[in-house]
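# Structural characterization, general
So you can see what is in the structure, the chains are spelled out below.
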Amino acid sequence: MATDRLHASAHARVGLLGNPSDLYGGRGLGFTVRELAARVTLREASDIEIGSDLFRAAWQVLGIDGRDRPFAITAETDIPFQAGLSGSSALIIAALRAWDSWFDLRLSRTRIAELAWRTENEVLGIRAGPLDRLVQSHEGLVAMDFRTPFAAQPVERLDPALLPPLLLAWHGLPSASSGDV
């Protein structure tokens, strides 16, 4: 069913265990933070309007034409900037979810994670592992095996009640970009 406006979101993530083993075929455990999210809105437009380099990179990796249903994309986020909570990945995941619905692509959660990973690694030149994107795409508390991170079953969703009480804190000043490391 076509709509003239569509919203999608993705949440901040915490990599609890296994970072940076995701770069080396290890295992990991992470969870999303429901209270912090990136939100994307698509609306009908006369031409495709993508204002940010981040979204242009994701659109390039998605690799569809889109001229049959042009859109304008906007975003907002309350994920703290450069606080290590994967705010840029959340924006990419939210955009991919929005385009998935807008164009009825029927992408799996794992495929969305892979496209987000490819956006950051192949187009933006950011050396990143799959942990952040898999956690954000699958949501909740997830255990991951990074030997074949984008295979059919790379994650196992776990009951969040297994976690002890946790406190999430961050410094109010942004750190260096993870892309600079």
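Structural data are supplied above this passage.
This section reports on the structure supplied with the text. Only a predicted model underlies this, so the values are computations on that prediction, with no experimental measurement involved.

### Regarding the packing of aromatic side chains
A full pass over the atoms with the stated rule returns six aromatic pairs. Their ring planes at 65 degrees and their centres at 5.1 Å tell us that Trp59 and Phe71 sit as a pair that is edge-to-face. A residue pair is termed long-range when its members are at least 10 positions apart, and Trp59 in helix 1 (residues 53–62) and Phe71 in strand 4 (residues 71–77) qualify at 12 residues. Of the two residues, Trp59 and Phe71, neither departs from the other in class, the shared state being buried.

### Brief notes about the packing of helix 1 against helix 2 (residues 87–102)
A pair of packed helices is captured by two measures, namely the crossing angle of their axes and the spacing between those axes. Across the interface, helix 1 lies against helix 2 with an axial gap of 10 Å and an inter-helix angle of 50 degrees. Taken together, the axes of helix 1 and helix 2 are oblique relative to one another. The two elements helix 1 and helix 2 cross, and the hand of that crossing is right-handed. In this structure, helix 1 contributes Leu54, Phe55, Ala58, Trp59 and Leu62 to the contact, and helix 2 contributes Ser88, Leu91, Ile92, Ala95, Leu96 and Trp99. Class assignment for the residues of the contact of helix 1 with helix 2 results in 10 nonpolar, one polar and no charged.

### Concerning unusual backbone geometry
Pro20 follows Asn19 through a cis peptide bond whose omega is 20 degrees. Among the secondary structure elements, Pro20 is positioned in the loop between strand 1 (5–17) and strand 2 (27–44). Phi is positive for Gln82, which is not a glycine, with a value near 50 degrees. Within the secondary structure layout, Gln82 lies in the loop between strand 4 and helix 2. For Gln82, a relative accessible area of 27% translates into the label partly exposed. Its identity as a non-glycine residue notwithstanding, Ser86 has a phi of 65 degrees, on the positive side. Tracing the backbone through its elements, the reader meets Ser86 in the loop between strand 4 and helix 2.

### What to know about helix 4 (residues 131–138)
In terms of burial, helix 4 is a largely internal element, eight of the eight residues being buried. All of the buried residues along helix 4 are Leu131, Asp132, Arg133, Leu134, Val135, Gln136, Ser137 and His138. Where helix 4 is buried, its residues contact strand 1, strand 2, helix 2, helix 3 (109–123), strand 5 (141–145) and strand 6 (155–158). Looking one or two places after helix 4, you find Glu139, whose phi comes out positive at around 65 degrees.

### What about the pattern of salt bridges?
For the structure on display, the rule yields 16 salt bridges. One salt bridge connects Arg13 with Asp132, and the closest N-O pair in it is separated by 2.6 Å. Taken together, the positions of Arg13 in strand 1 and Asp132 in helix 4 put the pair 119 residues apart, joining distant regions of the chain. The buried category is assigned to Arg13, whose relative accessible area is 7%. By relative accessible area, which is 12% here, Asp132 ends up buried.

### Description of the side chain of Thr32
The residue Thr32 is located in strand 2 in this model. On the basis of relative accessibility, which here comes to 9%, the residue Thr32 falls in the buried class. At 2.9 Å, the side chain of Thr32 forms a polar contact with the backbone nitrogen of Gly140. When near neighbours in sequence (up to four residues on either side) are disregarded, Thr32 contacts His11, Ala12, Arg13, Val135, Gln136, Glu139 and Gly140.

Reading the values: rules and limits
Counting from 1, residues in each chain are numbered in the order their sequence is written. pLDDT decides what is reported in this predicted model: residues at 70 or higher carry local features, side-chain atom pairs at 80 or more are listed and counted, and totals for whole chains, interfaces and linings draw on all residues regardless. Hydrogens and water are ignored here; the side-chain numbers use all heavy atoms of the structure. Stacked, edge-to-face and tilted are the three classes for Phe, Tyr and Trp ring pairs, Trp counted by its six-membered ring, which pair at centre distances within 6.5 Å; planes under 30 degrees apart are stacked, over 60 edge-to-face, the rest tilted. Comment: elements are numbered from the N terminus, with helices defined as DSSP H or I runs of at least four residues and strands as E runs of at least two. To sort residues, take the accessible area from a 1.4 Å probe on protein chains only and compare it with the maximum for the residue type: under 20% means buried, over 50% means exposed, and anything in between is partly exposed. Angles run from 0 to 180 degrees between N-to-C directions of axes, and those axes are lines fitted to C-alpha atoms, restricted for helices to the stretch in contact. Between 65 and 115 degrees an angle is taken as roughly perpendicular, under 35 as roughly parallel, over 145 as roughly antiparallel, and anywhere else as oblique. Whether a crossing is left-handed or right-handed is set by the direction in which the near helix is turned from the far one by less than a right angle, anticlockwise for left-handed and clockwise for right-handed. Only heavy atoms matter for contacts: two residues are in contact if any of them lie within 4.5 Å across the pair. Note on residue categories: nonpolar means Ala, Val, Leu, Ile, Met, Phe, Trp, Tyr, Cys or Pro, charged means Asp, Glu, Lys or Arg, and polar means any other residue, Gly included. A side-chain nitrogen of Lys or Arg and a carboxyl oxygen of Asp or Glu constitute a salt bridge if their distance falls within 4 Å. Here a polar contact is taken to be a pair of N or O atoms separated by no more than 3.5 Å, where protein atoms must pair a possible hydrogen donor with a possible acceptor and residues adjacent in sequence count only if both atoms sit in side chains.

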